[in-house]
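# Secondary and tertiary structure notes
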Number of protein chains: 2
Amino acid sequence: MKLYEIQKKIQPVSTGWKEKAKERLDDLTKPRGSLGMLEELAARFVAIKEQIPIVMPTKEIFVFVGDHDVVSEGVSAYPQEVTGLMVRNFLAGGAGINVLARCVGAKVSVIDIGMKEDLADAETLIKKNVRRGAGNIAQGSAMTQEEAERAINIGIEMAEKAYRNGAGMIGTGEMGIGNTTPSAAIFASLLPFNVAEVTGRGTGLDDKGLSRKTDVLKKVLEVNGGALSDPISTLAAVGGLEIAGICGLCLGGAAHRMAVVVDGFISSAGALVAMRLNPLVRDYLFFSHRSLEKGHRIFFENEGIRPILDLDLRLGEGTGAAVAMQIMEDAFKIFNEMATFSDVGIEPGA
Amino acid sequence: MKLYEIQKKIQPVSTGWKEKAKERLDDLTKPRGSLGMLEELAARFVAIKEQIPIVMPTKEIFVFVGDHDVVSEGVSAYPQEVTGLMVRNFLAGGAGINVLARCVGAKVSVIDIGMKEDLADAETLIKKNVRRGAGNIAQGSAMTQEEAERAINIGIEMAEKAYRNGAGMIGTGEMGIGNTTPSAAIFASLLPFNVAEVTGRGTGLDDKGLSRKTDVLKKVLEVNGGALSDPISTLAAVGGLEIAGICGLCLGGAAHRMAVVVDGFISSAGALVAMRLNPLVRDYLFFSHRSLEKGHRIFFENEGIRPILDLDLRLGEGTGAAVAMQIMEDAFKIFNEMATFSDVGIEPGA
């Protein structure tokens, strides 16, 4: 199913099932609401799945990989070759996301959606390259509208594949040297904030680097200013292929009624595009953590969203999503396994 | 080992090993510091254990149970009998702490340290009752100095037992209807804040209940005002047996170089007494979460401590400690299992 069909398929989550979930939560042996966000996570999942008890979900995290020619403007502390080296690290199981996904028992799938380098020999890499790196957005657009749609469709396809394989919960992840720059450009385009407000240090810029990045981002929006009329045009103008893939994963996940656990700053940029394409997506998204990246806090405030964790993570890859999946599983087990008041002979009380 | 000996046994954690840990963390395939608090947790644990790689710790959570005659002043939404019913729930494995401890593979031990009711038939309950409920602190002291010391010693004894059984990480937990009131009294005594600033809704008071509780707490401090000169006198005057047990667990954990994962508001009151008895304890404590209870935020701000989670939990029992232990294990696995830059051929960069 493709971008325009899938959007029509997305249904609201069930308020009736959310109520049923809350009734059960209020009958568990604890004061009402005293497990705070754990209760909310369980109720939201029931509203998606329409099933009690919760069937513990199979989990898959998708790491979309793309490059960004805007790195030639000096916006990143790392050279572009690191993208490919890190992909090999993912495939060998040695990266942060591999370790944390193992902790929660999630499968990790790595997709070349827009890498500069062709890792033809990498057998377990999912090869879906749309173009060899996004264009230098300080001098023009990242990609064509058609390329953006193809990249979104790859994300949708990944969600569908996960769904067919029985996944109930999917996570977003990404890798791409320089990709906090297009993400900040998306936030500055789709949110009522200017570039300076959403630009942060990425993986490690000093003050001088941050100042240069902010200047580059001003130029990005100037150069592409005419194109920022709708979400997909924004993605095509100032985005990245991996960000488009994440947008598609969010749409596809929502259409197939899976919980989509959104990683950090860059993943949130993809999720934001998906939410602007179809506001119903939001109820399927679980924002895993508030990253140290400055614009992330602003995004959450503007959208009225509270992320699960706040651990100063700024690695990406899906690492925050993996950790948050553990908290979600805790919530599901609380929902399923706790005794009820009638089991133990206590009056529910306040 | 008893209260006064144990305090002498507590040693500073190793700054040298913390440095070694940071060196390793900086050599892992991620930008420096980009796993935020996970890196800090791993480094702090290495500074305690002086061992690389980290040996994944065996875990035990201690739920200290005590009653509080101050409930007769109307400070709780639940009647006192609930303490005993919940203890039976813990022993049957149906409470929140049982579920969350299973999620992380931690053993749960339940200690009657100050229950009103004698659950003589409860075989797996650890029976160490010091007195049958703390006195009504709105009319006098909670216990004698000697009882406070005995209760602390029971906590120390539990830590020693865990240590002898090979635990590397222990968690605090508690149950006792009414015990946010003595906790608030301890915070108001040992921190530079007044009663109104540290008093919250406990497990579910409405506005009227909160106002009554604040008035009761003012009376508690008035009545016991003369006795609040040092940490143990404070505990004896306005504390609770379970809070004293937690204080002892923190002291004993530190003396035996274990990580002590502190649960929520009430556990923090016990931890605060331990930190005031011996400031070195602090480096062994891992505060699991910021509870919704008002005084908890103030406590963390005053002590300059950042808790691991912020999930609006207010159940107690050790539930926050159990969830935080998972985050700590994630951190340890990151430390042990991630590839290094030299493994994958990337220059460490920024």
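The rules behind each value
Residues numbered from 1 in each chain as written. Chains lettered and ligands numbered in written order. Predicted model: local features only at pLDDT ≥ 70, side-chain atom pairs only at ≥ 80, totals over all residues. Heavy atoms only, no water. Buried < 20%, exposed > 50% of the residue type's maximum accessible area, 1.4 Å probe, protein only. Helix = DSSP H or I, 4+ residues; strand = E, 2+ residues; numbered from the N terminus. Pairing = 2+ DSSP bridges. Contact = heavy atoms within 4.5 Å. Salt bridge = Lys/Arg side-chain N within 4 Å of Asp/Glu carboxyl O. Polar contact = N/O pair within 3.5 Å; in protein donor to acceptor, adjacent residues only side chain to side chain. Nonpolar A, V, L, I, M, F, W, Y, C, P; charged D, E, K, R; others polar. Axes fitted to C-alpha atoms, helices over the stretch in contact; angles between N-to-C directions. Domains from an automatic or database assignment. Buried area = accessible area lost by both parts, 1.4 Å probe. Expected span 1.5 Å × (residues − 1).

## Observations concerning the pairing of strand β2 (residues 107-114) of chain A
Residues and elements named next belong to chain A. Counting buried residues along β2, six of its eight residues qualify, which places the element largely inside the surrounding structure. Summarising the sheet, strand β1 (residues 58-66) and β2 pair through seven bridges and their orientation is parallel. Of the residues in β2, the one forming a bridge with Glu 60 is Lys 107. As paired strands, β2 and strand β3 (residues 126-127) are joined by two bridges and run parallel to one another. Across the sheet, Asp 112 pairs through a bridge with Lys 127, a residue of β3.

## Some thoughts on the interface of chain A and chain B
One widely used convention gives an interface's size as the accessible area the parts lose upon coming together. Contact residues are listed per partner, giving 53 residues for chain A and 53 residues for chain B. Seen at the junction of chain A and chain B, the total is six salt bridges. A salt bridge links B:Glu337 to A:Arg102, with the shortest nitrogen-to-oxygen separation between them at 3.0 Å. Taken together, the links from chain A to chain B amount to 20 residue pairs in polar contact (both at pLDDT 80 or more). Broken down by secondary-structure element, the contributors of at least two residues to the side of chain A that touches chain B are α3 (36-49), α4 (81-92), α5 (96-104), α14 (319-337) and α15 (341-344) of chain A. Residue contributions to the side of chain A that touches chain B peak at eight residues, all from α14(A). Looking at the side of chain A that touches chain B residue by residue, the classes come out as 28 nonpolar, 13 polar and twelve charged.

## A word on the sheet that holds β2(A)
Residue and element names in this part refer to chain A. Here six strands make up an open sheet; going across it, the order is β3-β2-β1-β4-β5-β6 and the pairing parallel. Looking at which strands have only one partner, the edges of the open sheet turn out to be β3 and β6 (285-287). When strand β4 (residues 167-175) meets strand β5 (residues 259-262), the two strands line up parallel, connected through three bridges. Opposite Gly 171, over in β5, you have Val 261 as the bridge partner. Sheet contacts for helix α6 (residues 145-164): β1, β2, β3 and β4; angle to β1, the most-contacted strand, approximately 160°. Along the sheet face, helix α11 (residues 241-255) touches β1, β2, β4, β5 and β6 and points at about 170° away from the line of β4.

## With respect to the domain arrangement of chain A
Residues and elements named next belong to chain A. For chain A, the assigned domains read domain 1 (3-54 + 335-344) and domain 2 (58-326). Both sides of the domain 1 and domain 2 interface together cover about 2000 Å² of buried area, and 63% of this is carbon and sulfur. Among the residues of domain 1 in contact with domain 2, Leu 3, Ile 10 and Ile 48 are the three that bury the most area, contributing 32% of the side total. If you look at where domain 1 meets domain 2, you find one salt bridge. At the junction of domain 1 and domain 2, the tally comes to eleven residue pairs in polar contact (both at pLDDT 80 or more). Sorting the residues of the side of domain 1 that touches domain 2 by element identifies α1 (3-9) and α3 as the ones contributing at least two each. Here the side of domain 1 that touches domain 2 takes seven residues from α3, the largest share from any one element. Grouping the amino acids of the side of domain 1 that touches domain 2 by side-chain chemistry returns eleven nonpolar, three polar and four charged.

## A few points about helix α11 (residues 241-255) of chain B
All names here are of chain B. The terminal C-alpha atoms of α11, which comprises 15 residues, lie 21 Å apart, in line with the 21 Å expected from a rise of 1.5 Å per residue. For α11, the tally of buried residues reaches 15 of 15 residues, placing the bulk of the element in the interior. Trailing α11 by a residue or two, Arg 257 shows a phi angle of about 50°, which is positive.

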